[in-house]
Amino acid sequence: MSVVGQGIDRVDGRLKVTGAATYSAEHKLQGLAHAVMVLSTIPKGRVEAIDITAANAMPGVLAVMTHANAPRLALPQGSEKKKEGGEQSKPDQKKQPPNPKLSLLQDDVVWYNAQPVAVVIADTFEHARDAAQRLQVRYRRERAQLDFAQAKKSLRRPEPQPERPSDTGRGNLARSMERAASRIDVTYTTPMENHNPIEPHATIAHWQGDNLILYDSTQNVTGVQRTAASTFGIAPQQVRVICPFVGGGFGCKGSVWSHVVLAAMAAKLAGRPVKLVLDRPQMYGPVGARPLTEQRLALGASRAGKLAAVRHDTISSTAFLDDFAEPCTAMTRKMYASDSLQTSQRLATLNVGVPTYMRAPGESSGSFALESAMDELAYKLNMDPVQLRLANYADKDPEKDLPWSSKSLRECYRIAAERFGWDKRNPQPRSMKSGRTLVGWGMATATYPANRKDARATATLLPDGSAVVRSGSHDLGTGTYTVMSQIAADALGMPVANIRFQLGDTALPEAPVSGGSQTVASVGPAVHQAARALRDKLIGMALADGASPLHGLRADEVDAADGWLVARSAPARRERMQALLARAGGQPVSADAHAEPGEEKKRYAMHAFGAVFVEVHIDPDVGTIRIPRIVGAYGVGRVMNRKTAHSQLMGGIVWGMGMGLMEKTEMDWRFGRAVNANLADYHVPVNADIGAIDIVMVDEEDKQINELGAKGVGEIGITGVAAAIANAVYHATGKRIRDLPITPDKVLV
Ligand code: MOS
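Residues numbered from 1 in each chain as written. Predicted model: local features only at pLDDT ≥ 70, side-chain atom pairs only at ≥ 80, totals over all residues. Heavy atoms only, no water.

Engineer: For the overall build of the protein, give the residues involved together with the corresponding values.
Structural biologist: If you tally the helices and strands in the protein, you get 18 helices and 31 strands. Expected size for 749 residues packed as a compact globule is a radius of gyration near 27 Å; at 27 Å, the protein falls within 12% of this value. C-alpha atoms of the protein, sized along the principal axes, occupy 80 × 70 × 50 Å. Looking at the protein as a whole, 62% of its 749 residues are labelled buried. Within the protein, contacts between residues at least 6 apart in sequence are counted, and of these 81% link residues at least 24 apart. Total accessible area on the protein stands at roughly 28,100 Å², and carbon and sulfur atoms take up 50% of it. (Helix = DSSP H or I, 4+ residues; strand = E, 2+ residues; numbered from the N terminus. Rg over C-alpha atoms; globule rule 2.2 N^0.38 Å. Buried < 20%, exposed > 50% of the residue type's maximum accessible area, 1.4 Å probe, protein only. Contact = heavy atoms within 4.5 Å. Areas by Shrake-Rupley, 256 points an atom, 1.4 Å probe, with all protein chains shown as cover.)

Engineer: Quick one: what's the story with the packing of helix α6 (residues 221–232) against helix α7 (residues 258–270), residue by residue and with numbers?
Structural biologist: Direction vectors running N to C along α6 and α7 enclose 50°, while the axes themselves pass 10 Å from each other. Overall, the two elements α6 and α7 adopt an arrangement that is oblique. Crossing handedness for the pair α6 and α7: right-handed. Of α7, the residues touching α6 (which contributes Val224, Thr231 and Phe232) are Val260, Val261, Ala264, Met265 and Lys268. Class assignment for the residues of the contact of α6 with α7 results in six nonpolar, one polar and one charged. (Axes fitted to C-alpha atoms, helices over the stretch in contact; angles between N-to-C directions. Parallel < 35°, antiparallel > 145°, perpendicular 65-115°, else oblique. Left-handed = near helix turned anticlockwise from the far one by under 90°. Nonpolar A, V, L, I, M, F, W, Y, C, P; charged D, E, K, R; others polar.)

Engineer: Break down unusual backbone geometry for me, with residues and values.
Structural biologist: For the bond from leucine 740 to proline 741, the omega torsion is -10°, close enough to zero to count as cis. Relative to the helices and strands, proline 741 is located in the loop between α17 (721–733) and α18 (744–748). Unlike most non-glycine residues, aspartate 562 shows phi in positive territory, near 60°.

Engineer: Residues and numbers for the domain arrangement of the protein, please.
Structural biologist: Accessible area lost upon the coming together of the parts serves often as the stated size of an interface. Each assigned domain of the protein is listed with its residue range as follows: domain 1 (24–144 + 201–277), domain 2 (378–451 + 602–748) and domain 3 (454–596). Contact with domain 1, which involves 18 residues of that partner, is made by 16 residues of domain 3. One can count two salt bridges joining domain 1 with domain 3. Linking domain 1 to domain 3 there are eleven residue pairs in polar contact (both at pLDDT 80 or more). Every element with two or more residues in the side of domain 1 that touches domain 3 is listed here: α6 and β11 (239–242). (Domains from an automatic or database assignment. Salt bridge = Lys/Arg side-chain N within 4 Å of Asp/Glu carboxyl O. Polar contact = N/O pair within 3.5 Å; in protein donor to acceptor, adjacent residues only side chain to side chain.)

Engineer: Provide a residue-level description of the pairing of strand β2 (residues 45–51), including the pertinent values.
Structural biologist: Bridge analysis of β2 against strand β4 (residues 109–110) gives two bridges, and the strand direction is antiparallel. Pairing of arginine 46 across the sheet is with valine 109, part of β4. Pairing of β2 with strand β6 (residues 136–141), which is carried by six bridges, proceeds in the antiparallel orientation. Across the sheet, the residue bridging to aspartate 51 is glutamine 136, located in β6. (Pairing = 2+ DSSP bridges.)

Engineer: So what about the sheet that holds strand β26 (residues 589–595)? Which residues, and what values?
Structural biologist: The four strands are arranged β22-β21-β20-β26 in an open sheet whose pairing can be described as mixed. Looking at the sheet topology across the chains shown, the edges are occupied by β22 (499–502) and β26. Pairwise comparison of adjacent strand axes, ignoring direction, gives a mean angle of 15° for this sheet. In the sheet, strand β20 (residues 455–461) pairs with β26 via seven bridges, with the strands oriented antiparallel. Residue alanine 457 lies in a different strand from β26, and its bridge partner there is alanine 593.

Engineer: Go over helix α16 (residues 642–661) with me, naming the residues and quoting the values.
Structural biologist: Its 20 residues place the ends of α16 28 Å apart at the C-alpha level, agreeing with the 28 Å of an ideal helix rising 1.5 Å per residue. At the N-terminal end of α16, a side-chain oxygen is found 2.8 Å from the backbone nitrogen of lysine 643, two or three residues along, and the residue is asparagine 641. (Expected span 1.5 Å × (residues − 1).)

Engineer: I'd love a proper account of the packing of aromatic side chains, names of residues and values included.
Structural biologist: Within the structure shown, the criterion is met by 14 aromatic pairs. On the basis of an interplanar angle of 70° and a centroid distance of 5.5 Å, the ring pair of tyrosine 284 and tyrosine 682 is categorised as edge-to-face. Pair noted here: tyrosine 284 is in the loop between β12 (274–277) and β13 (293–301) and tyrosine 682 is in the loop between β30 (673–674) and β31 (692–697), with a separation of 398 residues, a long-range link. Taken individually, tyrosine 284 and tyrosine 682 each receive the classification buried, so the pair is uniform in this respect. Taken together, the aromatic side chains of Phe420, Trp422, Trp441 and Phe613 make up a single cluster linked through ring pairs. (Phe/Tyr/Trp six-rings, centres within 6.5 Å; stacked < 30°, edge-to-face > 60°.)

Engineer: Account for the pattern of salt bridges, with residues named and values stated.
Structural biologist: This model, assessed by the stated rule, comprises 49 salt bridges. Arginine 156 is the partner of aspartate 323 in a salt bridge, and the nearest nitrogen-oxygen pair spans 2.8 Å. Pair noted here: aspartate 323 is in the loop between β14 (307–319) and α8 (329–335) and arginine 156 is in the loop between α4 (148–151) and β7 (167–170), with a separation of 167 residues, a long-range link. Residue class for aspartate 323 comes out partly exposed when judged on its relative accessible area of 27%. Ionic contacts of the salt-bridge type, sharing partners, join the residues Lys44, Arg46, Asp108 and Glu142 into one network.

Engineer: Any chance you could break down the side chain of asparagine 220 for me, citing the residues and the numbers?
Structural biologist: Tracing the sequence through the fold places asparagine 220 in the loop between β10 (211–216) and α6. For asparagine 220, a relative accessible area of 15% puts it in the buried group. Leave out the neighbours within four places in its chain, and asparagine 220 touches Lys253, Gly254, His474 and Val513.

Engineer: How would you sum up the sheet that holds β2? Please name residues and give values.
Structural biologist: Across the sheet, which stays open at both edges, the three strands sit in the order β4-β2-β6 with antiparallel pairing between neighbours. Only two strands of the sheet have a single neighbouring strand rather than two, namely β4 and β6.

Engineer: Explain the packing of helix α9 (residues 363–381) against α17 residue by residue, including any values.
Structural biologist: Taken N-terminus to C-terminus, the directions of α9 and α17 make an angle of 30°; their axes are 8 Å apart at the nearest point. Looking at the two axes, α9 sits roughly parallel to α17. Here the hand of the crossing between α9 and α17 comes out right-handed. The residues of α17 that touch α9, namely those facing Ser367, Phe368, Glu371, Ser372, Asp375 and Tyr379, are Ala722, Ala723, Ala726, Asn727, Tyr730 and His731. Its residues assigned to classes, the contact of α9 with α17 shows six nonpolar, four polar and two charged.

Engineer: With reference to specific residues and values, describe the state of the cysteines.
Structural biologist: Here, disulfide denotes a covalent bond that connects the sulfur atoms of two cysteines. Summed over the entire model, instances satisfying the criterion amount to zero disulfides. Just so you know, cysteine 243 is unpaired, no disulfide at all, and the nearest cysteine sulfur is the one on cysteine 252, 12 Å from it. Cysteine 328 takes part in no disulfide bond, and the closest cysteine sulfur, belonging to cysteine 252, lies 19 Å away. Its relative accessible area of 0% is what places cysteine 328 among the buried residues. (Disulfide = S-S within 2.5 Å.)

Engineer: Quick rundown of the environment of leucine 292? Include the residues and the values.
Structural biologist: Note on placement: leucine 292 falls in the loop between β12 and β13. A relative accessible area of 11% places leucine 292 in the buried class. Between the C-alpha atom of leucine 292 and that of threonine 665, which follows or precedes it by 373 residues, the distance is 9.5 Å. Ignoring sequence-local partners within four residues, the contact set of leucine 292 consists of Phe148, Thr190, Pro191, Met192, Ile315, Ser316, Ser317 and Trp669.

Engineer: Explain the pairing of β10 to me, and be specific about the residues and the numbers.
Structural biologist: Where burial is concerned, most of β10 is hidden: five out of the six residues are buried. In this structure, strand β9 (residues 202–208) lies alongside β10, joined through six bridges in antiparallel fashion. In the strand pairing of β10, isoleucine 204 is matched with tyrosine 215. Where β9 hands over to β10, the hairpin turn is made up of two residues, of which glycine 209 adopts a positive phi near 65°. On the question of chirality, the crossover connecting β10 to the parallel β11 by way of α6 is right-handed. (Right-handed = clockwise from strand over helix to strand, strands pointing away.)

Engineer: Please provide a residue-by-residue account of the nonpolar core, values included.
Structural biologist: In terms of nonpolar packing, the biggest core is built from 90 residues, with Leu299, Phe613, Val614, Val616, Tyr634, Ile725 and Ile742 touching the most fellow members. For this core, the leading source of residues is α17, giving nine residues. Counting residues in each nonpolar core, the second largest holds 68 residues, with Leu102, Trp111, Ile315 and Leu476 among its members. (Core = buried A, V, L, I, M, F, W, Y, C linked by side-chain atoms within 4.5 Å.)

In structure tokens form, the structure reads like this:
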């Protein structure tokens, strides 16, 4: 009986609910000092002076680190701006840290509001915070670019990355658009959003001579190791990064931000280990955000709804320090089988913190535009929105002209529509009411790429008969500990309870960043192969061991189950793995694996797909929107754990509700600073906002992506939800809202 697939409880659940799980800020170190960052209060200019005398004299203060006294890093000094006056150029990248988005107190230049300009180090957190709050920083302010409309006048192309071209095209768009019987051409906007994992960023830095240990809340221990090493000019082996638990990541912990290096610099300066934890307001600026987007969608279709022309132009905000392009057009290039298509990605540069990945970067904002536009087209054609999507169903990847490794989207539409009761929908806007409440039904398509990278793992049988399986991956709350234990249990033939999975440490075999929904598809095969190799090794030992009841059998005549090695044909002929190990000298036995994706990506296009249906209830007088129910059906490959996968999809859907109705970083654009930088004013759904969420994972096994058949579930849940809500709001009210979030004021206007 396979344990993979079963919805077993989290193996780390007890540790978490009892508070025994050690998060990054909770590691106890001798002589630990506390650091608090001071962030700039201007969006652009210079730090003229920081008076550290008063702060230094305050109780418990060990040091105040500014650009004047910060340890010089192993990089070219300074990033003096060549151009003076109003014109802004990007910083000279050659003079920047290896990671240009970092602000490491190597010069006095301020590029955005809330950029680190000083770090106060003290014996207690309270002392550090007190001194940080009193630190007087004098600035010379320069003119900042904080006007998106103005910034759009000098758009730039992002550096093309693999799978992220800035411009694409196929067919003759102009001609197809011209000939289309029905056309729409509309613009959608999405706001800046900030990550709000319950655990903020936190780092403890501990130097042991020239070796650095970092306890860091991260989705990528190896990435932190590499950046720290190159920044300090030491070898990666001299840096160890430890992160057994993460209290949510969602992309903001997928790369390294300034505070990680600053903590290590502070530890150097103070000559003690230093803990640096961001407070909630500090999460808004120096550690990334989802950039705001403006997306123009033009669709042309035949009377029967066949798409002939699709055009999607995205502008997203970026920063002067470094670029990040929100890849909104990625989904559009693959979603529908249109004859012609044209997409573009452009950047508008602002004096803000560098944006970054946020759950389903690209697909979340992009699906709002594309799937809203499809709904607008459906209304224009007087066609059912599900039918319109089926009429344009892409049986292969229209971008690469490759077959899908698996695609169950037709089934997702059918199952979700059925469970929702879509056939009872009267498509006429404002036609469905419940008393005075306006009722709206809307739907959208969900999708996210099925990514995979290479990963390593080790499996070890211990003398007590338990197994330790290791891979330097991460558990962001997603269920990695649990799922990897399940995979190892099946492959090794051992109960889950006897397996301990270790992750989150650069001392372990290397695994990729836990982002892009790729952990199961990447680390899963490594764990599977390592556990399988260990099992085979044990069987080999038994066959060769004259004292084993299995001696003399062939390897294929022996099975492993429940911690026993068993003769297939005569189950009474068996022995415990533990007994075998004891006779062999009682030493642990290990096996390694390095699992790499092969050529399959060249032969197949790999995506997860889904369909999401939403009901909204709107008060016609005050414009409040309630979502009593959502139905989503998803094809995500073979599901490793029903319960944790369900939670991932549900979490994504809930976030999609926030994106649709609430989330927005409210900037005071005079200063480029977020004014709702706290969980009271930055609105996300709470329990009372959530109605029934019905999630179906359709039976699907992807035979191409990996031997487990698993795609990924981390990000697809958020995609499509905001569009489905917007489409339901239109159905309820007759108002097409193309600007997220859909707040009551927009419904009433
Ligand atoms: Mo995710 S936004 O790829 O961590």
